[in-house]
Amino acid sequence: MAETAVERRVSTGECEFCHGTFAKNAITRHLAKCPVRGQRIAEADSAAKSQNLYHLLVEGRYLKDYWLHLEVPGNSTLEVLDSFLRRTWLECCGHLSSFTLEGENYSVDPEPGWGVEERSMNVKLDRVLRKGLKFEYQYDYGSTTHLTLKVVDSRSGPPLQKGVLLMARNHPPEIRCRCGQPAAYVHTWKEATYCPDCYEEDEEAEEGCLPVVNSPRCGVCGYTG
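Residues numbered from 1 in each chain as written. Predicted model: local features only at pLDDT ≥ 70, side-chain atom pairs only at ≥ 80, totals over all residues. Heavy atoms only, no water.

Student: Honestly, the pattern of salt bridges in this entry has me stumped. Any pointers?
Tutor: In a structure, side chains of opposite charge can pair up when their charged atoms sit close to one another. Throughout the structure, instances matching the rule amount to 12 salt bridges. For E71, the salt bridge is made with R37, and the minimal N-O distance between the two is 2.9 Å. Placement of E71 in strand β4 (residues 67–73) and of R37 in helix α2 (residues 35–42) is noted, with a sequence separation of 34 residues between them. For the pair shown, E71 and R37 are each scored as buried. A salt bridge links R130 to E102; the nearest nitrogen and oxygen atoms lie 2.5 Å apart. On the criterion of sequence distance, the pair formed by R130 in the loop between α4 (125–128) and β8 (134–139) and E102 in the loop between β5 (97–101) and β6 (104–107) is long-range, its members being 28 residues apart. R130 gets classed as partly exposed once you look at its relative accessible area, which sits at 43%. Judged by its relative accessible area of 55%, E102 is exposed. Taken together, the shared-partner salt bridges connect K24, E59 and K64 into one network. (Salt bridge = Lys/Arg side-chain N within 4 Å of Asp/Glu carboxyl O. Helix = DSSP H or I, 4+ residues; strand = E, 2+ residues; numbered from the N terminus. Buried < 20%, exposed > 50% of the residue type's maximum accessible area, 1.4 Å probe, protein only.)

If you want it as structure tokens, here you go:
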């Protein structure tokens with residue numbers, strides 16, 4: 001989707017713990033102090049194995065109004081994080097994907113001989129993450145969706161759930177039809193958007209249109225959410 005299709009406004013999102021609404025530039029501070037999250041951490045199963053837990057901010061590299069705050073256990077792997085991103089934001093046709101961390105490439109399907117040494121994603125996060133680290137992710141090497149990730153913070157303790165925990169997510173950005181109404185469809189190659197009425201009126205709209213969804217892959221390839 002063309003970045004110009006997103007109406008520029010303050011990006012907001014919802015805390016998954018207290019369900020409050022916060023601006024993108026305030027949600028990180030909120031999560032550090034959210035009383036509901038704090039209570040859940042205090043009540044976490046003390047019998048569960050304590051481990052490193054990393055707070056990640058994930059956002060579209062070119063569409064920064066799409067973002068996620070995640071907590072991931074250090075004994076998990078890049079492969080698990082890749083699966084979560086695919087399931088939540090990206091998966092359409094089983095495309096390849098990779099992370100780039102400090103000059104190293106970790107691929108979902110590493111193959112030698114392409115001029116770039118690729119490592120497997122089956123590597124523990126404790127081995128590659130640290131507080132403050134910024135790294136990159138890409139899904140689909142043709143119509144690529146680029147993401148940036150940052151390790152915002154880390155803590156030690158029992159995890160609040162098994163696997164990747166979604167802590168906050170952006171509200172859908174305002175995407176408008178050419179008539180000014182909220183768009184329901186985006187055309188994959190025309191860079192046009194349509195409300196339901198304009199979609200019905202345009203005989204050529206059906207071919208190449210996808211539904212507007214809350215993802216940086218909106219309007220790309222065959223992604224429908």
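Student: Just checking my understanding: could you explain the layout of surface pockets for this structure?
Tutor: One simple way to see leftover space: roll a probe sized like a water molecule over the atoms. Taken as a whole, the largest pocket encloses approximately 160 Å³ of empty space. Per-class residue counts for the lining of the largest pocket are 5 nonpolar, 5 polar and 1 charged. (1 Å grid on protein atoms, 1.4 Å probe; cavity = no way out; pocket = protein on both sides within 12 Å on 5 of 7 lines; lining within 4 Å. Points joined across faces, edges and corners; volume = space filled by probe spheres on them. Nonpolar A, V, L, I, M, F, W, Y, C, P; charged D, E, K, R; others polar.)

Student: Explain the nonpolar core here, please?
Tutor: Note that soluble globular proteins tend to have their nonpolar side chains buried in a common cluster. L56, L78, L85, F99, L101 and L129 are the most contacted members of the largest nonpolar core, which totals 36 residues. Sequence-distant contacts of L101, defined by excluding residues within four places in its chain, comprise L78, Y106, V128, L129, L133 and F135. Formed by 12 residues, the second largest nonpolar core is a distinct cluster that contains C34, L57, L165 and A168. (Core = buried A, V, L, I, M, F, W, Y, C linked by side-chain atoms within 4.5 Å. Contact = heavy atoms within 4.5 Å.)

Student: What should I look at first to understand the pairing of strand β10 (residues 165–170) in this one?
Tutor: Sheet faces and side chains relate simply in a regular strand, where the side chains alternate between the two faces. Both strand β1 (residues 12–15) and β10 contribute to a ladder of 3 bridges, which runs antiparallel. Across the sheet, the residue bridging to G13 is N170, located in β10. Where β4 lies against β10, 4 bridges are found, and the strand directions are antiparallel. Bridging from a neighbouring strand, H69 pairs with A168 of β10. (Pairing = 2+ DSSP bridges.)

Student: Quick question: what am I supposed to make of a negative patch on the surface here?
Tutor: Together, D197, E200, E201, E206 and E207 line one region of the surface with negative charge. By the secondary structure assignment, D197 is in helix α5 (residues 196–201). Exposure remark for D197: the relative accessible area of 55% places this residue in the exposed category. (Patch = residues over 30% accessible without salt bridge, like charges linked within 9 Å, V, L, I, M, F, W, Y side chains within 5 Å. Areas by Shrake-Rupley, 256 points an atom, 1.4 Å probe, with all protein chains shown as cover. Lys, Arg positive; Asp, Glu negative; His and termini not counted. Charge placed at Lys NZ, Arg CZ, Asp CG, Glu CD.)

Student: Could you clarify how one ought to interpret the sheet that holds β6 in this entry?
Tutor: Whenever strands of a sheet pair, they do so through backbone hydrogen bonds, lying parallel or antiparallel. The strand order β2-β1-β10-β4-β3-β9-β8-β5-β6-β7 describes an open sheet built from 10 strands, whose pairing is mixed. Two strands bound the open sheet, and with one partner strand each, they are β2 (21–23) and β7 (118–120). The average angle at which neighbouring strand axes cross in this sheet is 30 degrees, direction not considered. Alignment of β8 against strand β9 (residues 145–157), held across 6 bridges, turns out to be antiparallel. The residue of β9 that forms the bridge with E136 is T148. Across the face of the sheet, helix α3 (residues 78–90) comes into contact with β3 (51–60), β4, β5, β6, β8, β9 and β10 while running at roughly 150 degrees to β4. (Axes fitted to C-alpha atoms, helices over the stretch in contact; angles between N-to-C directions.)

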